[in-house]
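Coordinate analysis (summary)
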Amino acid sequence: MGTSILDALNVRVEGSGEKYLVLAHGFGTDQSAWQRVLPYFTRHYSVILYDLVCAGSVNPDHFDYRRYTTLDAYVDDLLNILDALRVPRCAYVGHSISAMIGMLASIRRPELFSKLILIGASPRFLNDKDYHGGFEQGEIEQVFSAMEANYEAWVNGFAPLAVGADVPAAVREFSRTLFNMRPDISLFVSRTVFNSDLRGILGLVNVPCCIMQTARDMSVPPPWQPT
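Moving on, we get to the overall build of the protein chain. Check the secondary structure of the protein chain and you find eight helices and six strands. The order of α-helices and β-strands along the protein chain, N terminus first, is α-β-β-α-β-α-β-α-β-α-α-α-α-β. Taken over C-alpha atoms, the radius of gyration comes to 17 Å for the protein chain, in line with the 17 Å a tight globule of 227 residues would show. Reported as C-alpha extents along the three principal axes, the dimensions of the protein chain are approximately 45 × 40 × 40 Å. Burial analysis of the protein chain (227 residues in total) assigns 48% to the buried set. Long-range pairs, those at least 24 residues apart, make up 73% of the contacts in the protein chain between residues at least 6 apart in sequence. When the accessible surface of the protein chain is summed, it comes to about 11200 Å², and 54% of that surface belongs to carbon and sulfur atoms. Side-chain charges in the protein chain split into 19 positive and 24 negative, and the spacing between the mean points of these groups amounts to 6 Å.

In structure tokens, the structure reads:
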């Protein structure tokens, strides 16, 4: 990135608490996903928010297809942000893809993280022998084909399924941030995420974790969801 990472990824620090809290959004959204809960945290923490490089709120020129082929580059971004802000230690809340990014970051720099709060996390989305990730390879390929053929139609169908058609405001907001993403970047990131297998790193996480799952999550369906 030619510009500083703080500017490129729209980094903000809200609140003035002594302890740091990072809020990291998931695929298809941006930092605005936290806007309704943010006021509850700024009373007690210095809250760090940023946009993933794939988010529609980030200049797409910053997205390097050669670099972001795995989640490791996203981990680099997170750690570079914390170093640039001179954060000695933080609690980390990550949703979806950012949950796994946080886990990988904690393995690399465990001293930086006091706790990980992981929302809607999955180490692997594809079913495997004796493992239920939720999707067969053919089902994932159908999703990719739909995104490539008609991105607008895919968003209009996916958003209600992902957040619940019975919550129209949430559907509108998720649709907005999905539409903000450049379709080719959205597809590329989807392929990276859905074809990832991070089961092997789970035992390397030594930072205390709190795992949260929503009652309805089409991307992380039971029985993978922890009980």
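Let's shift gears to the packing of aromatic side chains. Taken as a whole and assessed by the stated rule, the structure comprises twelve aromatic pairs. Between Phe63 and Tyr68 the ring centres are 5.3 Å apart and the planes differ by 20 degrees, which places this aromatic pair in the stacked class. Taken together, the aromatic side chains of Phe63, Tyr65, Tyr68, Tyr74 and Phe188 make up a single cluster linked through ring pairs. Against the face of Tyr131 rests Arg199, its NZ or CZ located 4.7 Å from the ring centre.

Looking at the element boundaries, Ser186 is found in helix H8 (residues 183-194). Leave out the neighbours within four places in its chain, and Ser186 touches Phe27, Met147, Tyr151 and Met181.

Attention now goes to helix H7 (residues 168-180). At 3.6 residues per turn, the α-helix brings residues three or four places apart onto the same side. Between its first and last C-alpha, H7 extends 18 Å over 13 residues, near the 18 Å set by a 1.5 Å rise per residue. Among all positions in H7, only Val171, Phe174, Ser175, Thr177 and Leu178 are buried.

A word on the pairing of strand S5 (residues 113-119). Judged by how many residues are buried, S5 sits mostly within the fold: five of seven residues are covered. Bridge count between strand S4 (residues 90-95) and S5: six bridges; the pairing is parallel. Following the sheet pairing, Val93 is matched in S5 by Ile117. Regarding the hand of the β-α-β motif, the stretch spanning S4, helix H4 (residues 97-108) and S5 is right-handed. As paired strands, S5 and strand S6 (residues 209-212) are joined by four bridges and run parallel to one another. By the bridge assignment, Ile119 is partnered in S6 with Met212.

Tyr50, Tyr74, Phe113 and Leu178 are the most contacted members of the largest nonpolar core, which has 62 residues in total. Setting aside anything within four residues of it in sequence, one finds Leu178 in contact with Phe27, Gly28, Tyr151, Trp154, Val155, Phe158 and Ala159. Counting ten residues, the second largest nonpolar core, distinct from the first, contains Leu23, Leu49, Val93 and Ile117.

Attention now moves to the pattern of salt bridges. Tallied over the full model, the rule gives twelve salt bridges. Between Asp128 and Arg199 there is a salt bridge, with the nearest N and O atoms lying 2.9 Å from each other. One end of the pair, Asp128, is in the loop between S5 and helix H5 (137-149); the other, Arg199, is in the loop between H8 and S6, with 71 residues separating them in the sequence. For Asp128, a relative accessible area of 37% puts it in the partly exposed group. In this structure, Arg182 and Asp184 form a salt bridge, with 2.8 Å as the shortest nitrogen-oxygen distance. Judged by its relative accessible area of 36%, Arg182 falls in the partly exposed class. Salt bridges here are not isolated pairs; linked through shared partners, they connect Arg124, Asp128, Asp197 and Arg199.

One pass over the full model with this rule turns up one cavity of 30 Å³ or more. Within this model, the largest cavity holds a volume of roughly 70 Å³. What lines the largest cavity is simply Leu71, Ser96, Ile97, Met100, Ser122, Pro123, Arg124, Phe125, Val193, Ser196 and Leu198.

Parameters at a glance
- Residues numbered from 1 in each chain as written.
- Predicted model: local features only at pLDDT ≥ 70, side-chain atom pairs only at ≥ 80, totals over all residues.
- Heavy atoms only, no water.
- Helix = DSSP H or I, 4+ residues; strand = E, 2+ residues; numbered from the N terminus.
- Rg over C-alpha atoms; globule rule 2.2 N^0.38 Å.
- Buried < 20%, exposed > 50% of the residue type's maximum accessible area, 1.4 Å probe, protein only.
- Contact = heavy atoms within 4.5 Å.
- Areas by Shrake-Rupley, 256 points an atom, 1.4 Å probe, with all protein chains shown as cover.
- Lys, Arg positive; Asp, Glu negative; His and termini not counted.
- Charge placed at Lys NZ, Arg CZ, Asp CG, Glu CD.
- Phe/Tyr/Trp six-rings, centres within 6.5 Å; stacked < 30°, edge-to-face > 60°.
- Lys NZ or Arg CZ within 6 Å of the ring centre and 35° of its normal.
- Expected span 1.5 Å × (residues − 1).
- Pairing = 2+ DSSP bridges.
- Right-handed = clockwise from strand over helix to strand, strands pointing away.
- Core = buried A, V, L, I, M, F, W, Y, C linked by side-chain atoms within 4.5 Å.
- Salt bridge = Lys/Arg side-chain N within 4 Å of Asp/Glu carboxyl O.
- 1 Å grid on protein atoms, 1.4 Å probe; cavity = no way out; pocket = protein on both sides within 12 Å on 5 of 7 lines; lining within 4 Å.
- Points joined across faces, edges and corners; volume = space filled by probe spheres on them.

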